[in-house]
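# Notes for the structure review
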Amino acid sequence: MEKNNRKILVLAITRIGDLLQASPTFAGMKEEDPDCEITVLVEKQTEAICRGIPNIDHVHVLDLSMLVRSVHRGGEGIVEGYEYVDNMIEELRSKGYDMILNMSSSPYTALMMKMIDAPKKRGWLADDEGYRLITDHWAMLIAAFVFHSNRDFNSINLVDIIRCSAEVKKHPLKLEFVTKQNEKEFAEEFFTKNNIVNDGPILALQAGASQEKRQWSPKLFAKLTKILVEELNARIIFTGSPSEAPIVEQILQHYQSPRIVSAVGKTNLGQLAAILEKADLLITGDTGPMHLSVAVGKPVVAVFLASALCFETGPYSKGNFVIQPIIECSPCNPNFSCYKTDCHDHVTPEMIAFLTKLRLQTVMGEESKIELPQQLKNYKKATIYYTDFDEEGFLKFIPLNDEPNKNGQAKEFYHTARAAYRSLWKEDFSGLPFNTISNSSEVTKIHPWISGVKDALNLSNEALNYLKLLESAVWDKTVGAKELSIINQQIHDVERRIEEVGLTNPVLGAMIRIFLMEKENIRGNDIVELASETRVVYQKLINRAVRFNHMFNFYLEDKGIYASTN
Amino acid sequence: MDLNNSKNDFSGLSYPDAVNLLSTIMESGDVHKSLSALEYIVTNYEQVQDEIKNILTDLRNKMGVNINAPLVEKTSTEKLYNLPQGEKPSKYDFINSEILEKNINCLRLKFPDLVEVILNAKVEEKLTFKLNQNSQAILFYAGTPLVNIEKPDIAGATWVKQNTAKFSDNTKQELLILGLANGYHLNSLVAQGFSNIHLFESNLGLIKAVFGVLDCTSFLDKLQTFSLVVADLEKDILKRSAKPELLIFPQSKLTSGADIEEVSRKILSEKAFTTLHPRIAVISPMYGGSLPIAHYVNTALKNLNQRVIEYDLSPFYQGFKDIGGMFKNANRKNTIESNYVEMLSQTVLAAIDEKPVDIVLSLAQAPLSPTVLKELRKRGIITAMWFVEDCLRFDTWKYLAQYYDYFFIIQKGDYLNKVNQAGAGRVAYVPVGCDLSVHKPLPDLSLEDKRRFGSELSFVGAGYYNRRNTFAVLANRDFKIWGTEWPSSMPFAKFLQENGRRISPDDYVKIFNSSTINLNLHSSTDRDGVEPNGDFVNPRTFELAACGAFQLVDERTLMPEKFKINEEIAVFHDRQEMLDKIDYYLAHPEERAKIVKASRARVLSEHTYEHRVKSILEYIFADRFNQLKEREKSSTWNKVLERANNHPELKDKLNVLYQRNDEPVLETLFDDIQRNNGQLSDTEQKILIMHHIYSQTARVQEILKGQSGKK
């Protein structure tokens, strides 16, 4: 479809951070098609953030709280909820969108996607029977990394995945949020009222996090605050929602100073953005304010604890510092609580204070020249990254210290696998060139770290043979239904064994998960057509396995791995 | 005051009719009966305004002094005879032969078969007569006038207007009038143009009396049918899908109450069957003979398309036994067992609170305590007990009856009154029956089963005293006994099968089907053999008949109304007759086959649990039609379905839940959609969206509570 005057609907029933993470996509859409009309469907509570995100033309609000109350109430609530859904779907149907982008992975937005007609749909869909259907490779990538064991091998940021899913290439290389005049005035007044003057760096601190296990201890925060105030002569502004006030109170119980001000619970989103805009830097976990800060152009020093993984949702702009603890259980599964947050101890107040100082002292864009002190360079309990963009405009994380080994794997293993996948997906899903590696389909050498590639290749070839047999058997009248069923069963067995390869070789998990999704998408009753489509999917797996192996070997031998593509 | 009598008089009457009957009773001067009637109306009709209730309270207070004053009896001296000249007055000679003849002539033309029956009818002594000031004939029943004394014709016309208001512009409306009373209302009906009329009157003496004092030719001429017995209506009008509009003339309750009530019950309940969908909970006992009946009742209710939920409490019996077994001290044991039963009772109540019902139907020995039964009543739930036990030997009804609105027993006669006096709201006779899905012929029974379960003579049941005593004489026969509590001494040691284990319904159906003669002796703990004048018929009788098995059963007083003796069932009255008939029927297989065939046909047409349950519901539906309708109207379900009117597919899906007695919750709606594989409709997709939101938020709430992390 041509990119011309398109009406685009973005299903963005997500959190504030996720919406901000879509801002480069909106900007890219407008840059590539200035007359396009972007409508976002958002949950009522996130409606406010849309006012500050540029390039959104219309906001359609879903009152999820009301709907949740209705469906949980039962009785008349069922009909009430139904009428609400019915009206919403009918209204969206009446708009005649040219493209729908589903940013969420929830089954109900997938169904909404299915129900609203549009020539182009990107993201999670549902089929006629309500089952998940993902035809867009970038959305498949999200689905593949939903499997927790696959997360370690992804290095493509969610912002880029959303952007690529929407087929947007040009973008502003940062998140975007525009503060309004009244919000700026609020910040101005807040600074004046609290005597926040520029007699040292003005640092915002976001202590709260979405999950308890992702929230650094108030005691450590207090220690950090003390260093920042006493060594950097910093002015500190605590940020956060009203529910986060008790955390800040605890911090202040440990350390008080007239140079510390709390804006917790005193701002709306726009006002918070204006305060962050006036500050020099934000120290935070993986939070909404982190995205807001980079969106208003202010760098962050971010600590990714517990389930947070910087490669997925790290700060999307150039020049941020990120600390990712290295521990066997990190990143942990977001769906489970943690009773012993050891990863919190891998990050020290001194380390954050140092990086803050370093960020403030380093000229933006000269991060590659940074030489960490030996103590941090050799630090084994966390990796310190700075953010940058690669040639294709994908966010990348470049380590400043020597990466430690993890899970008994050599330190190069994860980086190499991530780099290989990054290239593979970009090449495979977006057709981006990668000329440094030969296109040979021959497997010359399989590295023992990825030995599962061999099994995947053997099994795929076995399946291809069965498929050939099946296709010829269909035309052969002497072959009965029973024989066909046996061949079919053998193909199923091979598929099950390939799935096992993915489970027993986590490094291949994402690739095989995508293969399985592509197989799921094959629908129909005609055996010959089914067999032919299945062959294509197996062939894709073979190609990817071969390319992955090539790339893995290439990056393992390549010393400039971070500088080039990671 | 006898409120029960008023209940019978007023049952099924509309509010205007009830007021009409009240005014007639008041006119009779019977203060006590009037007060009783007023009490009944105030209690049972919602239309009664508060001031009337206050008046009644005042009246009650004022009359408190005189409430026990003796009734003023009307005597025959008050009669004003209008006799043909020269004829000597006698007790019933108010009948004017000329008028009678005119009416009879008309009747002969229309309904010749009825002439003799009516002419030969005996007029009850309670029926008396006098002329009012306008020389209009007024009939009295037990001193109460059957019509307004001063203006009988106007009262008749008013009744017609009130009761035909809704179809006043359609005089072709088909009407079924229950009750001839004094006949004026029928003349008024015809005078107001109605011509499509059916009349039911079962008091033949009354018909004769009315025909003898009032010219009935105008309405006789318009009558389509004139039925004297309920069975006639059942053959025709009650069978029709489009039934005539039912009008009950209130005063007829005095003269023909029971029959009119039966007809109105059948018609009203049928209406209820099609328009009401009450939720019914069946509460089983933990153990005993009524336990399987609870399951049969549940099945029958389902087969009758009722919304039923069965609370099967049998799994708790093991706990009851185990707890009891822990104690030697009887008092302590009783206390703990009572606590256990109370706990079960409260559990049922809690379950009902969670999944509300409109009717609770308990089977005998169901562990529902008075506390819980009172709570059920407070919630507006109709409580009914089917006491499928012998009222003589199990007397728990004596203290339980008062907590039930309906008490159905398997005996007639005195017990109906006794249970009523024990405080039950309404008492009726409903015998047990059979479940055709369980009790059925097994033509394909394997040889192995036949060998295992078959014998010339068999008996299934517990070893009660009278059974031991009677069956001992069968020592030299091919006789198998199945069941518990039999002695291990001879000859029973020889008869008893499989160590006297408890026999499941599936097994006893096999035994019935493979025995040449199934003996069926009603149990007795105190008689030597057949209990003289034993009344109720046990379930085994119907079950055997339904299985197409031949049985020889001791005759019970209530048996002839169920089976034609010797045609549809073979019976004995003592041990010798049993022995004789065993020999006879063994020697005459063709007779056995004939009886088996007739017997099975009879149970199929009259004695299944579906028939019984229908009968139980008829009583409840007829009495409580308005209450159930109101309850249904104000129920969540009604609001849900009404609200879904604009979404036909959603409504259809909700209706499925409703009919199944499920609660209106999203999860159940979703489960139904999931069960139907295939392409989802637009509505289904929207429901699915709601369900995904529901489950996602439920999960989020769980995670927030930190529960998920502890898994």
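Residues numbered from 1 in each chain as written. Chains lettered and ligands numbered in written order. Predicted model: local features only at pLDDT ≥ 70, side-chain atom pairs only at ≥ 80, totals over all residues. Heavy atoms only, no water.

### Re the overall build of chain A
Looking only at helices and strands, chain A has 22 helices and 15 strands in total. Relative to all contacts within chain A whose residues are 6 or more apart in sequence, the contacts with residues 24 or more apart total 68%. Accessible surface, chain A as shown: approximately 23000 Å² in total, 49% of it carbon and sulfur. (Helix = DSSP H or I, 4+ residues; strand = E, 2+ residues; numbered from the N terminus. Contact = heavy atoms within 4.5 Å. Areas by Shrake-Rupley, 256 points an atom, 1.4 Å probe, with all protein chains shown as cover.)

### Observations concerning the pattern of salt bridges
Enumeration according to the criterion identifies 77 salt bridges over all chains in this entry. One salt bridge in this structure joins Asp63 of chain A and Lys44 of chain A, with 3.7 Å as the shortest N-O distance. On the criterion of sequence distance, the pair formed by Asp63 of chain A in the loop between strand S3 (58-62) and helix H4 (64-73) and Lys44 of chain A in the loop between strand S2 (37-43) and helix H3 (47-50) is long-range, its members being 19 residues apart. Owing to a relative accessible area of 17%, Asp63 of chain A belongs among the buried residues under this scheme. With a relative accessible area of 46%, Lys44 of chain A lands in the partly exposed category. Salt-bridge contacts for Arg675 of chain B lead to Asp672 of chain B; the nearest nitrogen and oxygen are separated by 2.5 Å. Separated by three residues within a single helix, Arg675 of chain B and Asp672 of chain B lie in helix H29 (residues 666-675), roughly one turn from each other. Accessibility expressed as a relative area gives 55% for Arg675 of chain B, which makes it exposed. By relative accessible area, which is 13% here, Asp672 of chain B ends up buried. Each of the salt bridges in this network shares a partner with another, and the network as a whole consists of Asp86, Glu90 and Arg93 of chain A together with Asp682 and Lys686 of chain B. (Salt bridge = Lys/Arg side-chain N within 4 Å of Asp/Glu carboxyl O. Buried < 20%, exposed > 50% of the residue type's maximum accessible area, 1.4 Å probe, protein only.)

### Thoughts on the sheet that holds strand S8 (residues 279-283) of chain B
Within a beta sheet, neighbouring strands are joined by backbone hydrogen bonds and run either parallel or antiparallel to one another. Residue and element names in this part refer to chain B. Strand order in the open sheet made by the six strands is S9-S8-S10-S11-S12-S13, with parallel pairing throughout. Taken across any chain shown, the strands that pair with only one partner, and hence form the sheet edges, are strand S9 (307-311) and strand S13 (426-429). Neighbouring strand axes in the sheet, compared pairwise and without regard to direction, differ in orientation by 20° on average. Of the pairings in the sheet, the one linking S8 to strand S10 (residues 359-363) comprises four bridges and is parallel in character. Note that in S10 the partner of Ile280 across the bridge is Ile359. (Pairing = 2+ DSSP bridges. Axes fitted to C-alpha atoms, helices over the stretch in contact; angles between N-to-C directions.)

### Overview of the side chain of Thr484 of chain B
Inspection of the secondary structure puts Thr484 of chain B in the loop between strand S15 (479-482) and helix H21 (492-495). In this structure Thr484 of chain B touches Gly461, Ala462, Gly463, Gly500, Arg501 and Arg502 of chain B, once residues within four positions along its chain are discounted.

### Some details on the packing of helix H6 (residues 112-119) of chain B against helix H9 (residues 204-211) of chain B
Residue and element names in this part refer to chain B. Their axes nearest at 9 Å, the elements H6 and H9 cross at an angle of 95°. Here H6 is positioned roughly perpendicular relative to H9, judged by the angle of their axes. Two secondary-structure elements touch here, H6 through Val117, Ile118 and Leu119 and H9 through Leu204, Ile207, Lys208 and Phe211. Partitioned by chemical class, the residues of the contact of H6 with H9 number six nonpolar, no polar and one charged. (Parallel < 35°, antiparallel > 145°, perpendicular 65-115°, else oblique. Nonpolar A, V, L, I, M, F, W, Y, C, P; charged D, E, K, R; others polar.)

### So, the pairing of strand S8 (residues 202-206) of chain A
Residues and elements named next belong to chain A. Among the five residues that make up S8, five are buried, leaving the element largely enclosed by the rest of the structure. Of the two faces of S8, the one holding Ile202, Ala204 and Gln206 and the one holding Leu203 and Leu205 are both buried throughout. Sheet topology note: the S8/strand S9 (residues 235-239) ladder contains five bridges and is parallel. Pairing of Leu205 across the sheet is with Phe238, part of S9. Note that S8 and strand S11 (residues 281-284) share three bridges and pair parallel. Note on S11: the bridge partner recorded for Ala204 is Leu282.

### Things to note about the nonpolar core
If you look at the biggest cluster of nonpolar residues, it comprises 109 residues, and the most contacted ones within it are Trp425 and Phe548 of chain A together with Leu654 of chain B. Residues contacting Phe548 of chain A, with those up to four places away along its chain left out, are Ala417, Ala420, Tyr421, Leu424, Ile450, Val453, Val507, Leu508 and Met511 of chain A. Among the nonpolar cores identified, the runner-up in size contains 97 residues, and Ala294, Ala300, Ala424 and Trp482 of chain B belong to it. (Core = buried A, V, L, I, M, F, W, Y, C linked by side-chain atoms within 4.5 Å.)

### Comments concerning the interface of chain A and chain B
Each side of the interface is counted separately: chain A has 33 residues, and chain B has 36 residues. Each partner contributes to the roughly 3300 Å² buried at the junction of chain A and chain B, and carbon and sulfur atoms together form 65% of this total. Of all residues in chain A, Glu76, Ile78 and Tyr82 of chain A bury the most surface against chain B, accounting for 20% of the area lost on that side. Our count for the chain A to chain B interface comes out at five salt bridges. In this structure, the salt-bridge partner of Lys686 of chain B is Asp86 of chain A, at a minimum N-O distance of 2.5 Å. Across the contact surface, chain A and chain B share 10 residue pairs in polar contact (both at pLDDT 80 or more). Of all elements in the fold, only H4, helix H5 (76-94) and helix H6 (107-115) of chain A reach the threshold of two or more residues within the side of chain A that touches chain B. If one sorts the elements of the side of chain A that touches chain B by residue count, H5 of chain A sits on top with 12 residues. (Buried area = accessible area lost by both parts, 1.4 Å probe. Polar contact = N/O pair within 3.5 Å; in protein donor to acceptor, adjacent residues only side chain to side chain.)

### With respect to the environment of Val197 of chain A
Residues and elements named next belong to chain A. Among the secondary structure elements, Val197 is positioned in the loop between helix H9 (181-193) and S8. Residue classification places Val197 among the partly exposed positions, given a relative accessible area of 37%. Along the primary structure Val197 and Arg235 are separated by 38 residues, whereas in three dimensions their C-alpha atoms are 7.9 Å apart. Sequence-distant contacts of Val197, defined by excluding residues within four places in its chain, comprise Ile202 and Arg235.

### Quick look at the side chain of Glu312 of chain A
Secondary-structure assignment places Glu312 of chain A in helix H14 (residues 310-313). Apart from the residues lying within four places of it in its own chain, the contact partners of Glu312 of chain A are Arg151, Asn154, Asn157 and Leu158 of chain A.

### Observations concerning the environment of Ser524 of chain B
All names here are of chain B. Relative to the assigned elements, Ser524 resides in the loop between strand S16 (515-520) and helix H23 (539-546). What makes Ser524 buried here is its relative accessible area of 1%. C-alpha separation for the pair Ser524 and Gly463, spaced 61 residues apart in sequence, amounts to 9.9 Å. Discounting chain neighbours no more than four positions away, the residues touching Ser524 are Arg393, Tyr464, Tyr465, Asn466 and Glu531. At 3.0 Å, the side chain of Ser524 forms a polar contact with the backbone nitrogen of Arg527.

### A short note on the pairing of strand S12 (residues 300-303) of chain A
All names here are of chain A. Neither face of S12 is open: one carries Val300 and Ala302, the other Val301 and Val303, and all of them are buried. As judged from the three bridges shared by S11 and S12, these two strands associate in the parallel manner. Across the sheet, Thr284 pairs through a bridge with Ala302, a residue of S12. Taking the sense of rotation as the criterion, the β-α-β connection linking S11, helix H13 (residues 288-295) and S12 turns out right-handed. Pairing between S12 and strand S13 (residues 321-325): three bridges, direction parallel. Across the sheet, the residue bridging to Val301 is Phe321, located in S13. (Right-handed = clockwise from strand over helix to strand, strands pointing away.)

### Some thoughts on the sheet that holds strand S1 (residues 127-131) of chain B
Residue and element names in this part refer to chain B. Overall, antiparallel pairing links the three strands, which are arranged S1-S2-S3 in an open sheet. The open sheet has two edge strands with one neighbour each: S1 and strand S3 (144-145). In this sheet, S3 lies alongside strand S2 (residues 137-141) in antiparallel orientation, the contact comprising two bridges. Across the sheet, Phe140 pairs through a bridge with Pro145, a residue of S3.

### Quick word on the confidence of the model for chain A
Interpreting fine coordinate detail is not advised for predicted regions of low pLDDT. Within chain A, residue pLDDT values average 91, and 96% of them lie at 70 or more. This model gives residues 562-566 of chain A a pLDDT under 50, and the stretch forms 22 contacts once residues within four places in sequence are excluded. (pLDDT = per-residue confidence, 0-100.)

### Regarding the confidence of the model for chain B
Residue and element names in this part refer to chain B. Mean pLDDT over chain B: 86, with 89% of residues reaching 70 or higher. Taken element by element, the predicted model of chain B shows its lowest mean pLDDT in helix H1 (residues 3-10) (54) and its highest in H23 (98). In this model, residues 65-90 is a region of pLDDT below 50 whose contacts with residues beyond four sequence positions or in other chains number 31 contacts. Below pLDDT 50 for its whole length, residues 706-711 participates in 12 contacts with residues either more than four positions away or in separate chains. Confidence estimates for the predicted assembly give a pTM of 0.69 and an ipTM of 0.85.

### So, the state of the cysteines
Evaluated as defined, the whole model comprises zero disulfides over all chains. Just so you know, Cys332 of chain A is unpaired, no disulfide at all, and the nearest cysteine sulfur is the one on Cys338 of chain A, 6.0 Å from it. (Disulfide = S-S within 2.5 Å.)

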